[in-house]
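# Commentary on secondary and tertiary structure
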Amino acid sequence: MKRVIAIANQKGGVGKTTTAVNLAASLAATKRRVLLLDLDPQGNATMGSGIDKSQLAQSACEVLLGEAELAPSLRLIEQGGYALLPANQDLTAAEVRLLGMASGRETRLREALAPVREAYEVILIDCPPSLNMLTLNSLVAADSVLIPMQCEYYALEGLSALIGTIEQIRATVNPSLEVEGILRTMFDPRNNLANEVSAQLIMHFNEKVFRTIIPRNIRLAEAPSFGRPVLFHDKESRGALAYLALAGEMIRRDEQGKGPPGEDFAELPGAEAPVPGTPS
C-alpha cells in the first residue's frame, strides 16, 4: 500500500478532517509509515493532532509557496504515530498568491511531495470543504480520492458534482487519479433516510462503497478537543474501532490486488463546473 490519498468532499461537515486524523492514526497503528498533510486553512487536522496552529514557524503555506521544503516543516505526532504538515489561516493568503501565478500553480504540492514520497507508505491529504486552488493542488498530487459523506438527501447531488470534478481533473492534469472509495460517516442506523441513501449508494456503486461505516460517536466527536486521535482518547470506543476497521479494509483490498476503484465512476453524470487553474 503505497499511495497518496486526498480526502475530499466539496460539502462541509461530513467528517473529512475526522477521517483524515483518525485514519492516519489507525494506519500508523498497523506499523505503516504515514504522513498527513493539512491543506485546510481552518487547521482542524493540525489542532486535532495536538499542534497549536497559532504557533507555527513553518507550515503548508510556506511549502506551497516554495519558501520552505516539506521535510523540515513536518511534525511528528507522538499520540498518533504519524508525521504531520501543519496548517493555519496563512493558507488563505497562499491560495491568493497561487492564483496570481502564470503557470504551474496546480502542481506545487506534487512538486513539494516528490522528495519525500518514497519515505512514506501512505500519504493522506485533508482538503478544504470547497473546490479551490488548495483542493486542486491536492487532487493533482494524489493517486486516489477518498470521499467521506453523510447519508442525507443532498449528499448524492454533491457526490455527483465531486465525481464530475475528479473526471475533469483526470482528463486534464492528473490522468492517473482514481477514486479510493466512498465512506459513510456519522451514520445513525435508526434514521430511515440514512438507510435509504446508504442502500442507493450500494446499489449504484457496489464495491466502491466501503463496507466499514463510521457511526455517530461522542468519543469521536470529543477527541479533537483533547488534541489527539480517538484511538488515543478511547481505544475501545465505537469510533476508534470503526476507523481501525476502515484501515484494515483498505489494507485487505490492497493486498488482494483490487486497488482503488475508480474507472467506472466515469459513467456517473457529474457537474460540469470549471476547475480553477485547469485548461478548459
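Residues numbered from 1 in each chain as written. Predicted model: local features only at pLDDT ≥ 70, side-chain atom pairs only at ≥ 80, totals over all residues. Heavy atoms only, no water.

The subject of this paragraph is the side chain of threonine 135. Mapped onto the elements of the fold, threonine 135 is located in helix 7 (residues 133-141). Separated by 2.6 Å, the side chain of threonine 135 and the backbone oxygen of serine 130 make a polar contact. In contact with threonine 135, other than residues within four places in its own chain, are Cys127, Pro128 and Ser130. (Helix = DSSP H or I, 4+ residues; strand = E, 2+ residues; numbered from the N terminus. Polar contact = N/O pair within 3.5 Å; in protein donor to acceptor, adjacent residues only side chain to side chain. Contact = heavy atoms within 4.5 Å.)

All right, on to the packing of helix 5 (residues 90-99) against helix 7 then. Contact geometry of helix 5 with helix 7 gives a least axis separation of 9 Å together with a crossing angle of 80°. One finds that helix 5 runs roughly perpendicular with respect to helix 7. In this structure, helix 5 uses Leu91, Glu95, Leu98 and Leu99 to contact helix 7, whose residues at the interface are Met133, Leu134 and Asn137. Residues belonging to the contact of helix 5 with helix 7 are distributed by class as follows: five nonpolar, one polar and one charged. (Axes fitted to C-alpha atoms, helices over the stretch in contact; angles between N-to-C directions. Parallel < 35°, antiparallel > 145°, perpendicular 65-115°, else oblique. Nonpolar A, V, L, I, M, F, W, Y, C, P; charged D, E, K, R; others polar.)

So, about the nonpolar core. With 54 residues, the main nonpolar core has Leu35, Leu37, Leu70 and Leu113 as its most contacted residues. Excluding residues that lie within four positions of it along the chain, leucine 113 makes contacts with Val4, Leu35, Leu37, Leu70, Ile123 and Ala141. Judged by nonpolar contacts, the second largest core, of 35 residues, contains Leu23, Ala28, Leu146 and Ala223. (Core = buried A, V, L, I, M, F, W, Y, C linked by side-chain atoms within 4.5 Å. Buried < 20%, exposed > 50% of the residue type's maximum accessible area, 1.4 Å probe, protein only.)

Okay, a nonpolar patch on the surface next. On the surface, a nonpolar cluster with roughly 380 Å² of combined accessible area is contributed by Tyr153, Tyr154 and Leu193. Relative to the assigned elements, leucine 193 resides in helix 9 (residues 192-205). (Patch = residues over 30% accessible without salt bridge, like charges linked within 9 Å, V, L, I, M, F, W, Y side chains within 5 Å. Areas by Shrake-Rupley, 256 points an atom, 1.4 Å probe, with all protein chains shown as cover. Salt bridge = Lys/Arg side-chain N within 4 Å of Asp/Glu carboxyl O.)

Attention now moves to the sheet that holds strand 8 (residues 209-215). The strand order across the open sheet formed by eight strands is 3-4-2-5-1-6-7-8, and the pairing between neighbours is mixed. On the outer flanks of this sheet lie strand 3 (75-77) and strand 8, each paired with one strand and no other. Taking each pair of neighbouring strands and ignoring which way they run, the sheet shows an average axis angle of 25°. Taken strand by strand, helix 11 (residues 238-255) contacts strand 1 (3-7), strand 6 (144-149), strand 7 (178-187) and strand 8, and its axis lies near 165° from that of strand 8. (Pairing = 2+ DSSP bridges.)

Turning our eyes to something else, we now look at unusual backbone geometry. Note: most peptide bonds trans; most residues except glycine with negative phi. Despite not being glycine, methionine 186 shows a phi value in the positive range, around 50°. In this structure, methionine 186 sits in strand 7. A positive phi angle, near 50°, is found at asparagine 206, a position not held by glycine.

Alternating positions in strand 4 (residues 82-85) separate into two faces, Tyr82 and Leu84 on one and Ala83 and Leu85 on the other, with burial throughout. In the sheet, strand 3 pairs with strand 4 via three bridges, with the strands oriented antiparallel. Looking across to strand 4, one finds that arginine 75 is bridged to leucine 84. Between strand 3 and strand 4, which pair antiparallel in sequence order, lie four residues; one of them, glycine 81, sits at a positive phi of approximately 80°.

Bringing the confidence of the model for the protein chain into the picture now. Across the protein chain, pLDDT averages 89, with 92% of residues at or above 70. Every residue in residues 259-280 scores below 50 in pLDDT, and together they form 57 contacts with partners more than four places removed in sequence or on other chains. (pLDDT = per-residue confidence, 0-100.)

Quick look at the pairing of strand 6 now. Counting buried positions over the six residues of strand 6 gives six, a clear majority of the element. Burial of strand 6 is two-sided: the residues Ser144, Leu146 and Pro148 facing one way and the residues Val145, Ile147 and Met149 facing the other way are all buried. Both strand 1 and strand 6 contribute to a ladder of three bridges, which runs parallel. Across the sheet, the residue bridging to isoleucine 7 is leucine 146, located in strand 6. When strand 6 meets strand 7, the two strands line up parallel, connected through six bridges. Along strand 7, the bridge assignment pairs proline 148 with leucine 183. You can see the chain leave strand 6, run along helix 8 (residues 155-172) and come back into strand 7, and the turn it takes is right-handed. (Right-handed = clockwise from strand over helix to strand, strands pointing away.)

Let us now look at empty space enclosed by the protein. Empty space among the atoms becomes visible once a probe the size of a water molecule is rolled across them. Evaluation of the coordinates by the stated rule reveals one cavity of 30 Å³ or more. By volume, the largest cavity amounts to about 40 Å³. Every residue along the wall of the largest cavity is listed here: Asn9, Lys11, Val14, Ile147, Met149, Ala155, Gly158 and Leu159. Mapped onto the lining of the largest cavity, the elements with two or more residues apiece are strand 6 and helix 8. The residue inventory of the lining of the largest cavity, partitioned by class, reads five nonpolar, two polar and one charged. (1 Å grid on protein atoms, 1.4 Å probe; cavity = no way out; pocket = protein on both sides within 12 Å on 5 of 7 lines; lining within 4 Å. Points joined across faces, edges and corners; volume = space filled by probe spheres on them.)

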